[in-house]
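Understanding the architecture of this molecule
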Amino acid sequence: MSSCGIYTFGNDYVYDQLIALLNSIEANVGTDFPVCIIPYDQRLDKILPEIRARKQVTLYDDWESIKEWDQFVKEVWASHPRSKDVNGNRGFWFYQGNTHRKLVSFNGLFEKFVFYDTDSLAMKPLNNLFEKLDHYDFVFDDWEHIKAEKVAALNIPLIENTGIYKEKDIRPKLHCSSFFGSKKGLFNKSDLVNFKKQLIDNREVEWINGKAWWDEAALFTYMTLRSERSFFNYTLSSDGSERTGNCANADPFVNIDNVLYNYEGLKPIHRIHYMGYSSVDFARLCQGEDVNIRYQDVFLHYRFLKQPELKPKVLKPPSFWIKTHRNIGKLTQKIKKTFPI
């Protein structure tokens, strides 16, 4: 068992993103830093050879733990008022996702760990973050706490009405789940039983905002708030050098030798998060298509770090006919979801 390590998701659908992330971890965190890949689903044929080829990378294979978290989340979401939509009592399509499986990291290999979403690139070492885990149970680096009330992960007015928490207690505890540090065992079987009692029997599932009920980050936020464990968010640090951006589609960065820094003050960032871009876009980018992803040159650098001969030399935009065909396909899929047979 390792004292410190990294978790991420993996399956064949995110193959290019996973390779880029693993290469960025080797380059910017540590060559031999242990990484464990949590299977998003059973589509693993392409990524398994890559895992075997890297001595520091393993596949999470405790399927009992995965099933326990799957069942926990299924029961919780089924109890939420929005578990069935208003049009024909159909469950929302995103209800069936497995993003909650990142929470099996609490039952995993590492005493202290950091989780990266696969649509990220590591940009600097984690020494400081692991040091903070000597003093805090959870460490985050995101700006969820500034979101408007109507789109926040938790229903702040409803929670305030219970008399248990005030907004000033809730706001700093709002966080995302795309990047976080924590410790093994903080959420165990007994905790899940207690959470289900609070969420389902005591109807605290309604604390989760209806606009975010299906998002594992919202459930995770509820759990960290209700557990009342110690918490640190870099974006709330009293040290201004620790407050940076991280989103590719929102924050400006400076590229210095394929390492990104916060535009203001050239502050090092933990990771760049390509939130909002699909895995299909990255697959097309790796095939030489200009898909207009911000900082796509940085992504290509890490994706082909070990295979520079395969890196596209020129990026070309898709033709008018290809874009038209894709738009028709998107429209067809939208119609099928809206009017299922």
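This section reports on the structure supplied with the text. A quick note: this is a predicted structure, and the numbers were derived from the prediction, not measured.

Some details on the overall build of the protein
Looking only at helices and strands, the protein features 11 helices and 11 strands. Expressed as a percentage of its 341 residues, the buried residues of the protein come to 50%. When contacts within the protein are restricted to residue pairs at least 6 apart in sequence, those whose partners lie at least 24 apart make up 77%. When the accessible surface of the protein is totalled, it reaches about 16,800 Å², and 53% of it is carbon and sulfur.

Things to note about the nonpolar core
Nonpolar side chains tend toward joint burial in soluble globular proteins. Core analysis: the biggest nonpolar cluster contains 43 residues, and F72, F106, L219 and M223 have the highest contact counts within it. Secondary-structure elements contributing two or more residues to this core are β1 (4-10), β2 (35-39), α3 (63-78), β4 (112-116), β6 (138-140), α5 (156-162), α7 (189-201) and α8 (216-227). By size, the runner-up hydrophobic cluster in this structure holds 26 residues, among which are L44, V114, L129 and L133.

Considerations on the sheet that holds β6
Strand order in the open sheet made by the seven strands is β3-β2-β1-β4-β7-β6-β8, with mixed pairing throughout. The sheet is open, and its two borders are formed by β3 (57-59) and β8 (231-233), each paired with just one other strand. Taking the axes of each pair of neighbouring strands and ignoring which way they run, one obtains an average angle of 20° across the sheet. Taken together, the five bridges between β1 and β2 define a ladder with parallel strand orientation. When the sheet's bridge partners are listed, F9 is paired in β2 with I38.

Some thoughts on α8
Over its 12 residues, α8 runs 16 Å from end to end, which matches the ideal 16 Å to within 8%, given 1.5 Å per residue. Summarising burial for α8: 11 of the 12 residues are buried, a large majority. For α8, every residue scored as buried is listed here: E216, A217, A218, L219, F220, T221, Y222, M223, T224, L225 and R226. The inward-facing, buried residues of α8 abut α3, β6, α6 (167-170), β7 (179-183), α7 and β8. Of the residues flanking the start of α8, the one acting as N-cap is D215, its side-chain oxygen 2.9 Å from the backbone nitrogen of A217.

Overview of the environment of M123
Inspection of the secondary structure assignment puts M123 in the loop between β5 (120-122) and α4 (127-132). According to the relative accessible area criterion, M123 is buried, its value standing at 4%. Taking C-alpha positions, M123 is 4.9 Å from R271, a pair spaced 148 residues apart along the chain. Residues contacting M123, with those up to four places away along its chain left out, are N28, N258, V259, L260, I269, H270, R271, I272, V298 and Y302.

Some points on helix α9 (residues 279-286)
Taken together, the buried positions of α9 are occupied by S279, F282, L285 and C286. Mapping the buried residues of α9 onto a view down its axis gives an arc of 120°, with all of them on the same face. After α9 finishes, the residue G288 shows a positive phi value of roughly 105°.

Considerations on the side chain of N28
In this structure, N28 sits in helix α1 (residues 15-28). For N28, the side chain forms a polar contact with the main-chain oxygen of A122, separated by 2.9 Å. Within the structure, N28 has its side chain in polar contact with the side chain of Y302 (distance 3.0 Å). Dropping the residues within four chain positions of it, N28 is found in contact with A122, M123, K124, P125, V259 and Y302.

As for the pattern of salt bridges
On inspection of all chains with the given rule, the structure shows 20 salt bridges. Among the salt bridges present, the one from E75 reaches K196, with a minimum N-O distance of 3.0 Å. Of this pair, E75 sits in helix α3 while K196 sits in helix α7, and the two are 121 residues apart along the sequence. Among the ionic pairs, K147 bridges to E144, the shortest N-O distance being 3.2 Å.

Rules behind the numbers
- Residues numbered from 1 in each chain as written.
- Predicted model: local features only at pLDDT ≥ 70, side-chain atom pairs only at ≥ 80, totals over all residues.
- Heavy atoms only, no water.
- Helix = DSSP H or I, 4+ residues; strand = E, 2+ residues; numbered from the N terminus.
- Buried < 20%, exposed > 50% of the residue type's maximum accessible area, 1.4 Å probe, protein only.
- Contact = heavy atoms within 4.5 Å.
- Areas by Shrake-Rupley, 256 points an atom, 1.4 Å probe, with all protein chains shown as cover.
- Core = buried A, V, L, I, M, F, W, Y, C linked by side-chain atoms within 4.5 Å.
- Pairing = 2+ DSSP bridges.
- Axes fitted to C-alpha atoms, helices over the stretch in contact; angles between N-to-C directions.
- Expected span 1.5 Å × (residues − 1).
- Polar contact = N/O pair within 3.5 Å; in protein donor to acceptor, adjacent residues only side chain to side chain.
- Arc of directions from axis to C-beta.
- Salt bridge = Lys/Arg side-chain N within 4 Å of Asp/Glu carboxyl O.

Structural measurements only, silent on function.
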